[in-house]
Amino acid sequence: MADLPIVVGVDGSEPSLRAVDWAADEAALRGAPLRLVYASLWDRYEGALIAQELGRPAEEVTAPDVVGTARQRAARRRPEVQVSTDVLPDEPEYGLVRESRTARAVVLGCRGRSGIAEALLGSVGVTVAGHAHCPVVVLRGSHDNQARSGTRGRVVLGVAGKPEGAAAVRFAAEEALLRGVPLEAVRAWRRPGHATTGHPPTDFVQGHPRLVGTPAHLHELQAAEAVEDALRDAPADLEVHRRTVEGHARDALLAASHEADLLVVGSRRRHGHYGLQLGRVAHGVLHHAACPVAVVPEPS
């Protein structure tokens, strides 16, 4: 694991170069090598920034120019990190998913350009996050294209409804420890339509009372228990904050992302299934979170 690289998909755009900065910092934290890859079938227009830096027309920018500029950027940011580059003769989503088989993580920039489009994630990011074999980090937030060290002082973990999300918990805990910040575990819960804050509804079977509904406070208690279950193997030296929120999970995590340096969610993989593997919550935060989002694959 120690020699597995952090892979960055670069295309000459400003968001991809910001991803290089972020990944270089991450590689330095983990003592990992950095691998910068360019898919040759990406749109040529994304090389406009590189053309400006090289002082050449955009049509003269080549794939080696793209990865070479990214390598120089990483070297300036973190000279102690070992950096390698490669050009992938493939569509970016397929090439990066293959790269994920031998990567510690894959890092991508968010390719929104203006207006509503800035809030949306491109198809490459969605495909890679939904099919990668390792965690995928998408650089949401900070649309000035400058990667900065953590300013919020916390990593947020979205706790799923089932306790099998161990991979996401491990990744989030490790990130928090490396950064020296607390881990905030968030679990959303929803009040059933019939629930009240008082006693649950009852019915009588052969003269004996029987619960026919669950009060809201029991759902909140179940959410708190889910958080405890998820964190049962968290490192003893990790500062953990536990929080339950009434409402939709997507909305709770989007709100938490405004106060986080990284938001971590799990994504369950279904073997033999080739469609979209992202759940609604992961899909929603990838498109709209205010901070970088890590999607961690969970085996089925």
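Because the structure is predicted, anything quoted here is derived from the model rather than measured. (Residues numbered from 1 in each chain as written. Predicted model: local features only at pLDDT ≥ 70, side-chain atom pairs only at ≥ 80, totals over all residues. Heavy atoms only, no water.)

> Explain the sheet that holds strand β7 (residues 183-189) to me, and be specific about the residues and the numbers.
The 10 strands are arranged β3-β2-β1-β4-β5-β12-β11-β6-β7-β10 in an open sheet whose pairing can be described as mixed. Taken across any chain shown, the strands that pair with only one partner, and hence form the sheet edges, are β3 (83-88) and β10 (240-246). With strand direction ignored, the average angle separating the axes of adjacent strands in the sheet is 25°. Sitting on the sheet, helix α1 (residues 14-30) touches β1 (6-9), β2 (34-39), β4 (105-109), β5 (136-139) and β11 (262-268), and the angle it makes with β1 is about 175°. Running over the sheet, helix α8 (residues 249-257) touches β6 (155-158), β7, β10 and β11 and is turned about 150° from β7. (Pairing = 2+ DSSP bridges. Helix = DSSP H or I, 4+ residues; strand = E, 2+ residues; numbered from the N terminus. Axes fitted to C-alpha atoms, helices over the stretch in contact; angles between N-to-C directions. Contact = heavy atoms within 4.5 Å.)

> Which residues make up the packing of α1 against helix α3 (residues 63-77), and what values go with them?
Packed helix pairs are characterised by how far apart their axes lie and by the angle those axes make with each other. Running from amino to carboxyl end, α1 crosses α3 at an angle of 40°, the nearest separation of the two axes being 9 Å. By the criterion of interaxial angle, the relationship of α1 to α3 is oblique. Classified by chirality, the crossing of α3 by α1 is right-handed. Of the residues in α3, those touching α1 at Leu17, Arg18, Val20, Asp21, Ala24 and Asp25 are Ala70, Arg73, Ala74 and Arg77. Residues of the contact of α1 with α3, tallied by class, amount to five nonpolar, no polar and five charged. (Parallel < 35°, antiparallel > 145°, perpendicular 65-115°, else oblique. Left-handed = near helix turned anticlockwise from the far one by under 90°. Nonpolar A, V, L, I, M, F, W, Y, C, P; charged D, E, K, R; others polar.)

> Break down helix α5 (residues 123-131) for me, citing the residues and quoting the values.
Considered for burial, the residues of α5 that qualify are Val124, Gly125, Val126, Val128, Ala129 and Gly130. On the buried face of α5, the contacting elements are α4 (92-99), β4, β5, α9 (280-288) and β12 (293-298). (Buried < 20%, exposed > 50% of the residue type's maximum accessible area, 1.4 Å probe, protein only.)

> Residue-level account of the packing of α4 against α5, with values.
The geometry of α4 relative to α5 is characterised by a closest axis approach of 9 Å and an angle of 30° between their N-to-C directions. The orientation of α4 with respect to α5, classified from their angle, is roughly parallel. Crossing of α4 against α5: the hand is right-handed. On the side of α4, the interface is formed by Pro92, Glu93, Leu96 and Val97, while α5 contributes Val124, Thr127, Val128 and His131. Across the contact of α4 with α5, the residue classes tally to five nonpolar, two polar and one charged.

> Break down helix α6 (residues 166-179) for me, with residues and values.
With 14 residues, α6 should cover 20 Å at 1.5 Å per step; its first-to-last C-alpha distance of 20 Å lies within 8% of that length. Within α6, burial applies to Ala167, Ala168, Val169, Phe171, Ala172, Ala173, Glu175 and Ala176. Gly180 sits one or two residues past α6 and shows a positive phi near 70°. (Expected span 1.5 Å × (residues − 1).)

> So what's going on with the nonpolar core? Residues and values would help.
Residues Val8, Leu34, Val107, Leu183 and Val264 are the most contacted members of the largest nonpolar core, which totals 45 residues. Other than its neighbours up to four places away in sequence, Val8 contacts Ser16, Ala19, Val20, Ala23, Leu34, Arg35, Leu36, Val37 and Val107. Val138, Val186, Leu253 and Ala256 belong to the second largest nonpolar core, which has 36 residues in total. (Core = buried A, V, L, I, M, F, W, Y, C linked by side-chain atoms within 4.5 Å.)

> Explain the pattern of salt bridges residue by residue, including any values.
When the charged atoms of two side chains lie near each other, side chains of opposite charge can form a pair. Per the counting criterion, the structure on display carries 18 salt bridges. A salt bridge links Arg243 to Glu184; the shortest N-O distance between them is 2.8 Å. Placement of Arg243 in strand β10 and of Glu184 in strand β7 is noted, with a sequence separation of 59 residues between them. Salt bridges linked by common partners bring Asp21, Asp25, Arg73, Arg77, Arg78 and Glu80 together as one network. (Salt bridge = Lys/Arg side-chain N within 4 Å of Asp/Glu carboxyl O.)

> Explain the side chain of Ser16 to me, and be specific about the residues and the numbers.
In this structure, Ser16 sits in helix α1. Judged by its relative accessible area of 4%, Ser16 falls in the buried class. A polar contact is formed between the side chain of Ser16 and the side chain of Asp11, at a distance of 3.0 Å. At 2.9 Å, the side chain of Ser16 and the backbone oxygen of Ser13 are in polar contact. Apart from residues lying up to four places away in sequence, Ser16 is in contact with Val8, Gly9, Val10, Asp11 and Gly109. (Polar contact = N/O pair within 3.5 Å; in protein donor to acceptor, adjacent residues only side chain to side chain.)

> I'd like a description of the confidence of the model for the protein chain, backed by residues and values.
Looking at the protein chain as a whole, its pLDDT mean stands at 81, while 72% of the residues score no less than 70. The model gives residues 112-120 a pLDDT under 50, and that stretch makes 16 contacts with residues more than four places away or in other chains. Below a pLDDT of 50 lies the segment residues 207-212, which in the model reaches 13 contacts outside its immediate sequence neighbourhood of four places, other chains included. (pLDDT = per-residue confidence, 0-100.)

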